[in-house]
Amino acid sequence: MPIEVGIWKLTDGKGDGKPQRVELAALDLESRLEDALAADLGMLDPDLLLISRQVITEHGGRIDLLAMDAEGQLVIAELKRDKTPRDIVAQALDYASWVQNLSRDRISELYERFHVGQSLEAGFEERFGNSLPEEINLSHRMVIVAASIDPATERIINYLADNFAVPLNAAFFQYFRDGASEYLTRTWLIDPAAVEARNERSRGRGVPLPWNGEDFYVNFGDNTADGEGVHRSWEDARRYGFVSAGGAPRFARAMARLPLGKRVFAYIPKHGYVGVGTVIEEARPATEVEVEVGGKRIPLLSAPLSAAKMVENAANPETCDHVVRVEWDHAVPKAEAFWETGLFAKPNAVCKLRSRETLEKLAERFPVEE
């Protein structure tokens, strides 16, 4: 069963000083929730790009929302509305049987018809900060969206997920109102990471290995070789504990994909891996970041920096560096970077590190837990 959510409003000591419960209200899922999700799919998953909505399949169905994640895999989101347990699950599976055969060209066509004037490649890069993978739709996931589901639907979803690794989940949205203010909360029937892991283990179509749910790859663009044009230095990142990227809005979005508590492996192009650590602060513009110098916390851009021109674009939110603070477990100078033929390396600013061989080699090189 999903966790019940309650919301209380703190009164700041006014009146009797007791927190006031915000009451659950009714929400017209059909007319409002789909619009809200289409406007911001981050409510469902921060790593989704909307491909289209109300997609008509060749079987005569109509998919409420079709999306793509940062790995190029498709996600079907279907609102339960008033459907029976048999209908909503069967409908999701029917849509998945159609989606699994969509070609790259067909997905691009769906995207471009909905996002007039923009290509799928451009939309993907703008959303995730990385290029669209050459192979997409190697797998898919289904999400039933509802305010609640009955026990029969819950049993069916758990049965399919537990026994057959069917990548089906349910997201619950509850609507709260406090005067003129409106709120939505979201909980999951099954941990999404568990659904993703089952999905990856079960498919055999040449897809990457399952992600361990922990490790990320960060392409750190150290340009100290440019002399006067230094905008980013690994020595600064190593000294003050951070990774960063900038120059275009897509890089800010890429850095925002690094969650608190996850492990990052920093890679410098043409050199190799230089550090491993844990994310301790989420992405923010360089102007808002503080670091410790001489026992005091000061603005990063006021600290002694090897990258003398890191401050150049600081006032421009489109091109400034976005910084993620990292507590390094192990970090070496660029001259001591680790590289062997066959290790994972991509131009992506940020991505999940799935390569088992690379992780094993890095565990040998750096003192990290496997």
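Treat the numbers as computed from the prediction; the structure is a model and nothing was measured. (Residues numbered from 1 in each chain as written. Predicted model: local features only at pLDDT ≥ 70, side-chain atom pairs only at ≥ 80, totals over all residues. Heavy atoms only, no water.)

Visitor: Lay out the overall build of the chain with the relevant residues and their values.
Guide: Along the chain, the regular secondary structure elements total nine helices and 17 strands. Over its C-alpha trace the chain gives a radius of gyration of 23 Å, about what one expects of a compact globule, namely 21 Å for 370 residues. Here the C-alpha coordinates of the chain stretch approximately 65 × 60 × 45 Å along the principal axes. The long-range share in the chain, meaning contacts at least 24 apart out of those at least 6 apart in sequence, stands at 66%. Of the accessible surface of the chain, which amounts to about 18,200 Å², a share of 48% is contributed by carbon and sulfur atoms. One finds the centroid of the 44 positive side-chain charges in the chain at a distance of 1 Å from the centroid of its 59 negative side-chain charges. (Helix = DSSP H or I, 4+ residues; strand = E, 2+ residues; numbered from the N terminus. Rg over C-alpha atoms; globule rule 2.2 N^0.38 Å. Contact = heavy atoms within 4.5 Å. Areas by Shrake-Rupley, 256 points an atom, 1.4 Å probe, with all protein chains shown as cover. Lys, Arg positive; Asp, Glu negative; His and termini not counted. Charge placed at Lys NZ, Arg CZ, Asp CG, Glu CD.)

Visitor: Outline the sheet that holds strand β16 (residues 322-331), listing residues and values.
Guide: Strands pair in a sheet through their backbones, by hydrogen bonds, and they do so in one of two ways: parallel or antiparallel. Taken together, six strands build an open sheet; the order of strands is β11-β16-β13-β12-β10-β17 and the sheet is mixed. Each having just a single partner strand, β11 (242-245) and β17 (350-352) make up the two edges of the open sheet. For this sheet, the mean angle separating the axes of adjacent strands, direction not counted, is 40 degrees. For strand β12 (residues 263-268) and strand β13 (residues 272-285), the ladder comprises six bridges, and the chain directions are antiparallel. Paired with V264 across the bridge in β13 is G277. (Pairing = 2+ DSSP bridges. Axes fitted to C-alpha atoms, helices over the stretch in contact; angles between N-to-C directions.)

Visitor: Lay out the pattern of salt bridges with the relevant residues and their values.
Guide: Going through the model one piece at a time under the given rule, you end up with 21 salt bridges. For D47, the salt bridge goes to R257, with nearest N and O atoms at 3.1 Å. With D47 in the loop between α1 (29-39) and β4 (48-56) and R257 in the loop between α8 (249-255) and β12, the pair connects residues that are 210 residues apart, well separated along the chain. Grouping residues by exposure puts D47 and R257 together as buried. Here K361 ties to E340 by a salt bridge, and the two come within 3.6 Å at their closest N and O atoms. With K361 in helix α9 (residues 356-365) and E340 in the loop between β16 and β17, this pair connects stretches of sequence that are 21 residues apart. On the basis of relative accessible area, K361 is assigned to the partly exposed category, the value being 26%. (Salt bridge = Lys/Arg side-chain N within 4 Å of Asp/Glu carboxyl O. Buried < 20%, exposed > 50% of the residue type's maximum accessible area, 1.4 Å probe, protein only.)

Visitor: Any details on the pairing of β16? Residues and values, ideally.
Guide: Burial of β16 is extensive: seven of the 10 residues sit out of reach of the surface. Inspection of the sheet shows β11 paired to β16 by four bridges, in the antiparallel sense. Bridged to F242 within β16 is R325. Both β13 and β16 contribute to a ladder of eight bridges, which runs antiparallel. Paired with V276 across the two strands is H330, which belongs to β16.

Visitor: Outline the nonpolar core, supporting the account with residue identities and numerical values.
Guide: Ranked by internal contacts, the top residues of the largest apolar core, which has 52 residues, are W234, V243, L258 and Y273. L66, A92, L102 and F124 belong to the second-largest nonpolar core, a separate cluster that totals 39 residues. (Core = buried A, V, L, I, M, F, W, Y, C linked by side-chain atoms within 4.5 Å.)

Visitor: An account of the packing of aromatic side chains is requested, with residue identities and associated values reported.
Guide: As enumerated under the stated definition, the model contains 10 aromatic pairs in all. A centroid spacing of 5.2 Å and a plane angle of 75 degrees characterise the contact between W211 and F216, whose relative ring orientation is edge-to-face. Note on Y217 and F344: the rings are 5.0 Å apart at their centroids and 90 degrees apart in plane angle, and the pair reads as edge-to-face. Pair noted here: Y217 is in strand β10 (residues 215-219) and F344 is in the loop between β16 and β17, with a separation of 127 residues, a long-range link. (Phe/Tyr/Trp six-rings, centres within 6.5 Å; stacked < 30°, edge-to-face > 60°.)

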